[in-house]
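The primary structure of each chain is shown beneath.
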Amino acid sequence: MKFAYYPGCTSKGSTREADVATKWLAGKLGIDLVELVDAGCCGSCEVKAINPTLHFMLNARILTMAAEQHLQILTICDTCQANLLHTSRRMQEENDAKRSLLERLKAAGVTYGATPRVRHLSSVLVDEIGVDALRGRLLRSLAGLRVAPFACCHSFRGPGATAGSRDVLEALVALSGATPLPVRVDSDCCGFHILMVNEGLAMRTSAKFLARCAEAGAECIVTTSPLCHTALDIYQRRTEQVTGRTFGIPVLHLEQLLSLALGAAPGEVGLDRHMVSTDAVVRHLQVAA
Amino acid sequence: MQRASPRVVSTDVVVIGGGCAGVYAALKVQAEGLAVLQIVKGFAGRSGASIFAGNLQLQSTKDPAEEERFMAIRARYGSSYLNDPDYIRRACRFTEDVFFPEMEQRGLYLRRHEDGQLVTSHDRKAGNVWAPNQGFSGTMIMELLRKDLLAHRVPLLQETMVTSLIVRDGAVAGVTALDIVRGEFFVVRAKAVIVATGPGNYLATRSTATREQCGNGFAMAWRAGADLQDLEMQWFHASDIAAPKSWMRLHLYPNPMPVTDKAVQLYGSDGGMFFHLGMNPKVKQPYYLQLRYLYNEVKKGSASWVGGFSGSYTHIEPEIMENYSYQAQFFKHLGIDITKDRVACGITWHMTFGGIRTDNRTMATTIDGLYAAGGCGSHGVGSITYVSYDGTVAATQACERARRIDLPPLPVDRVEDEHVRVHDRLVPRKERGLLPAQVKKRVRAIMSDKMGYVKSGPRMASALDDLADVRERLLPAMGVGSTSRNWNYDWVEALDAEDMIDVCELTIRMSMQRKESRGYFFREDYPYIDNKRWLKHTVARRSGDGVAFEFTEAAPIFRPENEIDDFLTADY
Amino acid sequence: MEAGTLSATIFRFDPSVDDAPRYDAIEVTREPMMRVLDVLDAAVDECGLSIGYRYFCGVKRCGMCGVNVNGKPVLACWEAATPGMVIEPLGNMPVIRDLIVDRGAFERATIELEPRLVRRKPYASFPERYTHGDVAPTFPLMNCIECYVCSSTCPAVAGGVESEGRRAFVGPGTLVQVAKVALHPKDELDRREMLEDASIEDCMSCFRCEQVCPVGIPIVSAAIMPLRGLAASAPRGRARFPQTFADNVRSHVDVHSASLFIRAKGWRGALASLPLVLRMLVRGKTRIFGRAGTEAKRRVDALFRAAGS
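No experiment lies behind these values; they were computed from the predicted model shown.

Draft legend 1. Examining the overall build of chain B more closely. Tallying secondary structure elements over chain B gives 13 helices and 24 strands in all. Here the C-alpha radius of gyration of chain B, 23 Å, is about what a compact globule of 572 residues would show, namely 25 Å. The buried share of chain B, taken over its 572 residues, is 67%. Within chain B, one finds 70 positive and 69 negative side-chain charges whose respective centroids are separated by 2 Å.

Draft legend 2. Layout of the sheet that holds strand β8 (residues 171-179) of chain B. All names here are of chain B. Reading across from one edge, β1-β9-β8-β7 is the order of the four strands in this open sheet, with mixed pairing throughout. Two strands close off the open sheet at either side, each with one partner strand: β1 (7-10) and β7 (160-168). In this sheet, neighbouring strand axes are inclined to one another by 25 degrees on average, regardless of whether the strands run parallel or antiparallel.

Draft legend 3. Expanded view of the domain arrangement of chain C. Residues and elements named next belong to chain C. As far as domains go, chain C holds domain 1 (4-100), domain 2 (104-232) and domain 3 (241-306). If you average the C-alpha positions of domain 1 and of domain 2, the two centres end up 29 Å apart. Taken together, the contact pairs 14 residues of domain 1 with 16 residues of domain 2. Between domain 1 and domain 2, roughly 1100 Å² of surface is buried when both sides are summed, and carbon and sulfur atoms account for 63% of that area. Among the residues of domain 1 in contact with domain 2, Lys 60, Pro 73 and Asn 92 are the three that bury the most area, contributing 46% of the side total.

Draft legend 4. Up close: helix α1 (residues 20-31) of chain B. Residues and elements named next belong to chain B. If you check α1, its first and last C-alpha atoms are 16 Å apart, about what 12 residues at 1.5 Å a residue would give, namely 16 Å. Among the 12 residues in α1, nine count as buried, and that is most of the element. For α1, the set of buried residues is Cys 20, Ala 21, Gly 22, Val 23, Tyr 24, Ala 25, Ala 26, Leu 27 and Val 29. Each element contacted by the buried residues of α1 is listed here: β2 (13-16), β3 (36-39), α3 (85-106), α4 (137-151), β10 (192-195) and α9 (384-404). The first or second residue beyond α1 is Gly 33, which carries a positive phi of 90 degrees.

Draft legend 5. Representation of a nonpolar patch on the surface in the model. Residue and element names in this part refer to chain C. Taken together, the side chains of Leu 271, Leu 274, Leu 278 and Leu 281 define a hydrophobic patch exposed on the protein surface, amounting to about 340 Å² of accessible area. Considering every element that reaches the nonpolar patch, the biggest residue donor is helix α11 (residues 274-282), with three residues. Tracing the chain through its elements places Leu 278 in helix α11.

Draft legend 6. Representation of the interface of chain C and chain B in the model. Between chain C and chain B, the residue contacts involve 58 residues of the former and 66 residues of the latter. Roughly 5500 Å² of surface becomes buried between chain C and chain B when both sides are summed, with 56% attributable to carbon and sulfur atoms. Ranking the residues of chain C by area buried against chain B places Phe 56, Arg 61 and Phe 126 of chain C at the top, with a combined share of 15%. At the boundary of chain C and chain B, one finds eight salt bridges. Taking the shortest distance from any N to any O, the salt bridge between Lys 441 of chain B and Asp 45 of chain C comes out at 2.8 Å. Joining chain C to chain B, the criterion identifies 35 residue pairs in polar contact (both at pLDDT 80 or more). Sorting the residues of the side of chain C that touches chain B by element identifies α1 (36-45), β6 (95-97), α2 (104-112) and α5 (172-182) of chain C as the ones contributing at least two each. Among the residues forming the side of chain C that touches chain B, the class breakdown is 30 nonpolar, 12 polar and 16 charged.

Draft legend 7. Summary view of the pattern of salt bridges. This structure, assessed with the given rule, holds 93 salt bridges over all chains. Measuring nitrogen to oxygen at the nearest pair gives 2.7 Å for the salt bridge that ties Asp 148 of chain B to Arg 116 of chain C. With Asp 148 of chain B in helix α4 and Arg 116 of chain C in the loop between α2 and α3 (149-152), this pair bridges two chains. Overall, Asp 148 of chain B belongs to the buried group, its relative accessible area being 10%. Taking relative accessible area as the criterion, Arg 116 of chain C reaches 23% and is therefore assigned partly exposed. Through salt bridges with shared partners, one network takes in Arg 12, Asp 14, Asp 18, Arg 22, Asp 24, Arg 97 and Asp 98 of chain C.

Draft legend 8. How the structure looks around the interface of chain C and chain A. Listed by partner, the interface residues are 59 residues for chain C and 58 residues for chain A. Both faces considered, chain C and chain A share a buried interface measuring about 5000 Å² in area, 62% of it formed by carbon and sulfur atoms. A per-residue breakdown of the area chain C buries against chain A is headed by Met 204, Lys 285 and Leu 303 of chain C, which together make up 15% of the total. Where Glu 46 of chain A meets Arg 228 of chain C, a salt bridge forms, and the shortest distance between an N and an O atom there is 2.6 Å.

Draft legend 9. Representation of the domain arrangement of chain B. All names here are of chain B. Entries for chain B in the domain assignment read domain 1 (243-347) and domain 2 (425-566). Taking the mean C-alpha position of each, domain 1 and domain 2 sit 28 Å from one another. In this assembly, eight residues from domain 1 lie in contact with six residues from domain 2. The contact between domain 1 and domain 2 buries some 700 Å² in all, and 65% of this surface belongs to carbon and sulfur atoms.

Draft legend 10. A look at the arrangement of the chains. Take the two pairs of chains in contact: the one carrying the most contacts is chains B and C. Contact between chain A and chain B is absent, and the minimum C-alpha spacing across the pair is 14 Å.

Draft legend 11. Representation of the packing of aromatic side chains in the model. In total, this model carries 34 aromatic pairs over all chains according to the counting rule given. With centroids separated by 6.1 Å and ring planes inclined at 80 degrees, the aromatic side chains of Tyr 109 of chain B and Tyr 130 of chain C adopt a geometry described as edge-to-face. Placement of Tyr 109 of chain B in the loop between α3 and β5 (128-129) and of Tyr 130 of chain C in the loop between α2 and α3 is noted, with the two residues assigned to different chains. In terms of burial, Tyr 109 of chain B and Tyr 130 of chain C fall into one category: buried.

So, how was this worked out
Residues numbered from 1 in each chain as written. Chains lettered and ligands numbered in written order. Predicted model: local features only at pLDDT ≥ 70, side-chain atom pairs only at ≥ 80, totals over all residues. Heavy atoms only, no water. Helix = DSSP H or I, 4+ residues; strand = E, 2+ residues; numbered from the N terminus. Rg over C-alpha atoms; globule rule 2.2 N^0.38 Å. Buried < 20%, exposed > 50% of the residue type's maximum accessible area, 1.4 Å probe, protein only. Lys, Arg positive; Asp, Glu negative; His and termini not counted. Charge placed at Lys NZ, Arg CZ, Asp CG, Glu CD. Pairing = 2+ DSSP bridges. Axes fitted to C-alpha atoms, helices over the stretch in contact; angles between N-to-C directions. Domains from an automatic or database assignment. Contact = heavy atoms within 4.5 Å. Buried area = accessible area lost by both parts, 1.4 Å probe. Expected span 1.5 Å × (residues − 1). Patch = residues over 30% accessible without salt bridge, like charges linked within 9 Å, V, L, I, M, F, W, Y side chains within 5 Å. Areas by Shrake-Rupley, 256 points an atom, 1.4 Å probe, with all protein chains shown as cover. Salt bridge = Lys/Arg side-chain N within 4 Å of Asp/Glu carboxyl O. Polar contact = N/O pair within 3.5 Å; in protein donor to acceptor, adjacent residues only side chain to side chain. Nonpolar A, V, L, I, M, F, W, Y, C, P; charged D, E, K, R; others polar. Phe/Tyr/Trp six-rings, centres within 6.5 Å; stacked < 30°, edge-to-face > 60°.

Here you go:
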């Protein structure tokens, strides 16, 4: 199994542990990751406001880089995933909008050919390897660990959504032995995309989810997006300050959780890089039955 | 019950109703520089018949021959010779000169093709256009008007029910009203009142009216002493969806769909098609035909009035429904594939052609200072574009009056009587008493059962008996579930129940007077169109405790050829 | 529960007489294709309950029958009735009684943002010259009936507070109404400052509004994004963030979060977050310098130019 790997800007910067854990997991499972170097930003949710054409072009270029190598794209960020997937759907239509995009890409020196498939790591794990196969490879169990899975809004809503993504996340959490808690409601959001323009609102919003986690006795939150991770981990202390509440709930990237269960040492997957201590999770690791 | 004196406010002109006629009237009064207060039982631009306008008619009035032809069609097929073609001419001109340009200026988008041509039905002479798609035009028009109304800060009270028109010495002095949210009864003094409460009346189980349209405008005018006219000329829709119940207003159009000359086809329970547009090409009014052919189906047992027959669009290209129709999503939502499936239908009671008797040049009623604009008037409007003319005319007249006279004094005893009447309805149910909504349902059931499309003297007399029973037995025991004043809809519905019984009784009496059939009005005991004796309007007038009837000649501009026509085979 | 009946639970609360809300259990005759609205009607008729609920048209035109069913905001006339459903009032709006909520704040916000077409060039005559393509940007928005189901569940509305002259986010419903005219080819009002006043930058792009819209309007893509782009073209102000972000990508290929942070928040704002930044530096979670090569920058810049930016 070989994929063009698109980690996204954040996992090359403030959440590098996600990249580290992904590579560990891929290595363990025999997934060959060919990183797309200098692929650039997917545009997040900002470029499409300024210039939707530019947004699709930035993403189309990334698709081209994978297509040239005849590889599918593997993402570890739900916003990158949504942007690339939405673009890939656009580029497979036959209409004036698509033809215009092709012309502009050409003018920018990008020859768009085939459209590669775009999948998030979680989908690849479930579809290509399978939950049972993964469970069979567990070296350690997180039985008894109460986990609140947090699916990024973009994974199940909007034009780049993937059907069933929340079920996939829950299944992957469960296979590690942990207990997924049903604490998320549909109007939750981590607030990441407004962190830099209205931090208070972002904090109050993620606080709703964090409060529910605290009430449910969640010992860990698991994310599939480094952006959600940033809001919930890096900013958790700020959220506590703004709302006057204490949470102290560690937030793991899904690839970290699975790596631990497949035998990784905490240090191998960047657990020391988190802002909220992950010791409680580590203490929960047991030898798998 | 201890009651504080009601709060009194004053204005020049009160406008009752928040549809196209009412909003046009209110904006006009304000533009004229006078004080206006618009009072809406629902919400301006969100309730009432206007939001349902599906097709808009774009009729050019510049060519006299074309105009004449159109008016002849409207006279014969739009009203069976009861309308006043001169009114139609004026309203059409206003539509072309003022309404469409103003609405487009506000941003109304009449659907265009990619090349800029207006999307119309195949027969361009019909002049149907849509904004922006079929079924949504009225909603879009009202949205633009509502925004204008609010941006102009027209004084507006919503979720407020006018309960009575205050009349003194044959002239209007104001209105009484109930603020539904706060449960406050208050009084508005005015020099003129424009009633624009609409033509739709939820007086039968299946109706195209909105929830709150319970004939209140007619009842108030009647109680105040105004003449009513032609209430018996009740329209029906043949092909509205049978289920869900709350979707009874979902209309399968017998008018040509955009870009085609096709419309709904109707099938009996035996599977045979009994209606399609081509059956009688001469007829420019398919609604009559649908009902008459449905009557035949009911007689032979392959349909009932509320079900057992179906409509289909299976013969229409799917892209047309997808691209041009607001309805398409509704069928999809129910899991109906309209390219393959038929849709179970039932008839609905649609608007009344008649209403408060008006002079269609001035919109004046038989009470000084009281005007009726739009569908609640007696001039048989049937088009959202025409009511903008009504509202403008009524407002102009009302302003002229308001400039001329002083604010009339309030007849304090009448106001107090009304205060008592309204508060007498905020009482709990007696033992085994019904909620007002339950009483209303029974009134509607009586009308459905005995005042349907097929009428007869004995059945109408029986309906009157049933209504008398409701009045004598159910009303006294009726009461609210809670006496809280906070958004108490039971209280509103208790007032509705009284209004509905009044209007239904009057409608039945007027129906019994008309000894013929015409248009949508079908009497099995008089199954012919009698142009010799009945090219007339039925006028009802208060006479002591009873009702007196008068019959006035219909406008003589166009005349049918025959003195007598068999109703079921006539084309008008 | 017998066959042929449907049970449900309905939120009841009259703040003028009740100390606290309660839930009434009902059982009504099941009807074909039953909607939530049919259940409410039946609860009054069959169960004799004086439930407060609003509707006018029953066919998705008046926009007034919004309720929450099993926690999901819907239109009662559109949503199919399901056994055991819990019916509650919409969120983000004060409850007047039972299922009736006060929409005033959203309606006022909509009017304050001038939702009417503002022409500068005089209107010529009817019919105007248009093609369908001219109004393509607003066409997806036209069927909005201002039901505010979207705003009732928007997290930015829920968490919004007014502070220091900055109003809370007006909500997606209001922004769709504004977009209807802002994207109209004949509208000529400069709406940028107004959009900043609406706190448009508070939209989290969570797509919740799109998910719940009963008319299927792609609210984020078709209304909010274009309006954010419009607001971002103002020379200064909070709503500039999308432009700041795009500039950052153009310069650095990958987002350079440190410089984005400083440009977005200003030096004072950045300094206020110094403790957080320092902690991040200590844990190796951020780098000071960008790292894209010149070739990559050239390619990305070419994309920007070809896209007309």
